[in-house]
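# Fold and geometry: a report
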Amino acid sequence: MLEHQARRTASHLAPCAAGILSRLAAGILFAVALTGSAVGAEGGGDAAAQANNPLANMTALNFQDYYIGRITETDQDGNQFWVRFAKPFEVAGTNWLMRASLPVNSFPVATDGGLETGVGDLNVFAAYLFDTGNPAVSFGIGPQITAPTAPNDRLGSEKWSAGFANVLFDGRSKQFQYGYLLTWQASFAGSDDSADVNTGAFQPFAFYQLGQGLYLRSTPIWVYNFENDAYSIPLGLGIGQIIKRGKTVFNLFVEPQASVAYRGPGQPDWQIFVGFNMQFLD
């Protein structure tokens with residue numbers, strides 16, 4: 001879950017279409033329907049409450065995708081696929097969590113509307129985990145850095161950027177969990193011909209457990225570009241299924257989102273967020 005790197009809002013960088021998303025969303029919903037009755041045997045309330053915790057003290061591997069049905073000020077759609085890996089670690093007796101995120105973008109070329117697909121910019125953050133006095137409540141803050149791993153300025157920023165990430169997750173209730181992810185980053189090096197980066201993103205998230213591993217979810221990401229005052233404020237409501245098998249917790253979900261306010265080109269008017277997350281227990 002959780003944080004995806006703030007999208008670029010320059011007019012020539014709106015993501016573009018991927019036809020497999022409708023089938024992927026349908027497949028996730030079908031898997032939810034098939035596996036829902038099996039969760040009760042092995043899926044516990046604690047696993048369900050912590051399955052969406054971005055600071056959970058366990059290794060995690062996530063595959064997530066945003067299909068953007070309409071990009072503002074265009075008639076085009078788009079897609080952004082994310083691979084995310086999280087790993088807890090210790091430094092001098094302190095607890096940290098590292099998360100690396102790498103997108104695969106499909107972007108239209110502004111001049112002719114052609115499609116270009118490739119790896120985007122790599123984002124990594126390391127959050128220091130505070131002792132909140134309650135293991136069900138997680139709070140972390142730390143540095144983040146984005147490396148210009150995209151091959152050109154259509155797929156990435158061509159800038160090195162740095163900033164911070166701050167996460168709160170409250171899982172004290174086995175029925176309702178909530179929290180937020182707040183990030184900010186600004187460019188400090190890279191191509192002089194590319195636009196500077198100065199973006200903030202706030203992601204409130206809430207999860208309501210329906211029982212047997214089935215849950216409702218809302219995890220929109222509100223993005224603001226301080227360089228050109230462009231922004232996007234989507235709202236979302238989706239459904240997910242948590243399945244615990246042995247020492248692995250699987251989390252499948254689909255969440256439609258629609259923007260209630262935006263400014264500037266290249267913003268998502270509506271989108272579908274789908275994902276397949278895995279947590280590996282010790």
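Residues numbered from 1 in each chain as written. Predicted model: local features only at pLDDT ≥ 70, side-chain atom pairs only at ≥ 80, totals over all residues. Heavy atoms only, no water.

Now for the environment of Ile-145. Relative to the helices and strands, Ile-145 is located in strand E6 (residues 137-147). Between the C-alpha atom of Ile-145 and that of Asn-123, which follows or precedes it by 22 residues, the distance is 5.8 Å. What Ile-145 contacts, discounting residues up to four positions off in sequence, is Leu-122, Asn-123, Val-124, Trp-160, Ser-161, Ala-162 and Phe-188. (Helix = DSSP H or I, 4+ residues; strand = E, 2+ residues; numbered from the N terminus. Contact = heavy atoms within 4.5 Å.)

Turning next to the packing of aromatic side chains. Evaluation of the coordinates by the stated rule reveals 17 aromatic pairs. Geometrically, the ring pair formed by Phe-202 and Trp-222 is tilted, given 5.9 Å between the ring centres and 50° between the ring planes. Of this pair, Phe-202 sits in strand E9 (residues 198-211) while Trp-222 sits in strand E11 (residues 222-225), and the two are 20 residues apart along the sequence. According to the relative accessible area criterion, Phe-202 is partly exposed, its value standing at 30%. Owing to a relative accessible area of 29%, Trp-222 belongs among the partly exposed residues under this scheme. A network of ring pairs unites the aromatic residues Phe-89, Trp-96, Tyr-128, Phe-130 and Phe-139 as a single cluster. (Phe/Tyr/Trp six-rings, centres within 6.5 Å; stacked < 30°, edge-to-face > 60°. Buried < 20%, exposed > 50% of the residue type's maximum accessible area, 1.4 Å probe, protein only.)

Below, the discussion takes up a nonpolar patch on the surface. A surface patch of nonpolar side chains, about 570 Å² in accessible area, is lined by Phe-130, Ile-141, Phe-164, Leu-182, Trp-184, Phe-202 and Phe-226. Of note, Phe-226 is situated in the loop between E11 and strand E12 (230-236). Given a relative accessible area of 46%, Phe-226 falls into the partly exposed group. (Patch = residues over 30% accessible without salt bridge, like charges linked within 9 Å, V, L, I, M, F, W, Y side chains within 5 Å. Areas by Shrake-Rupley, 256 points an atom, 1.4 Å probe, with all protein chains shown as cover. Salt bridge = Lys/Arg side-chain N within 4 Å of Asp/Glu carboxyl O.)

What follows deals with the layout of surface pockets. Here the largest pocket is characterised by a volume of approximately 560 Å³. For the lining of the largest pocket, the class distribution of residues is 14 nonpolar, nine polar and five charged. (1 Å grid on protein atoms, 1.4 Å probe; cavity = no way out; pocket = protein on both sides within 12 Å on 5 of 7 lines; lining within 4 Å. Points joined across faces, edges and corners; volume = space filled by probe spheres on them. Nonpolar A, V, L, I, M, F, W, Y, C, P; charged D, E, K, R; others polar.)

Our next topic: the confidence of the model for the protein. Per-residue confidence for the protein gives a mean pLDDT of 85; residues scoring 70 or more make up 82%. Between the elements of the protein, mean pLDDT differs from a low of 44, seen in helix H2 (residues 39-42), to a high of 98, seen in strand E10 (residues 214-218). Overall, residues 1-19 carries pLDDT values under 50, and its contacts beyond four positions in sequence, including any with other chains, amount to 87 contacts. (pLDDT = per-residue confidence, 0-100.)

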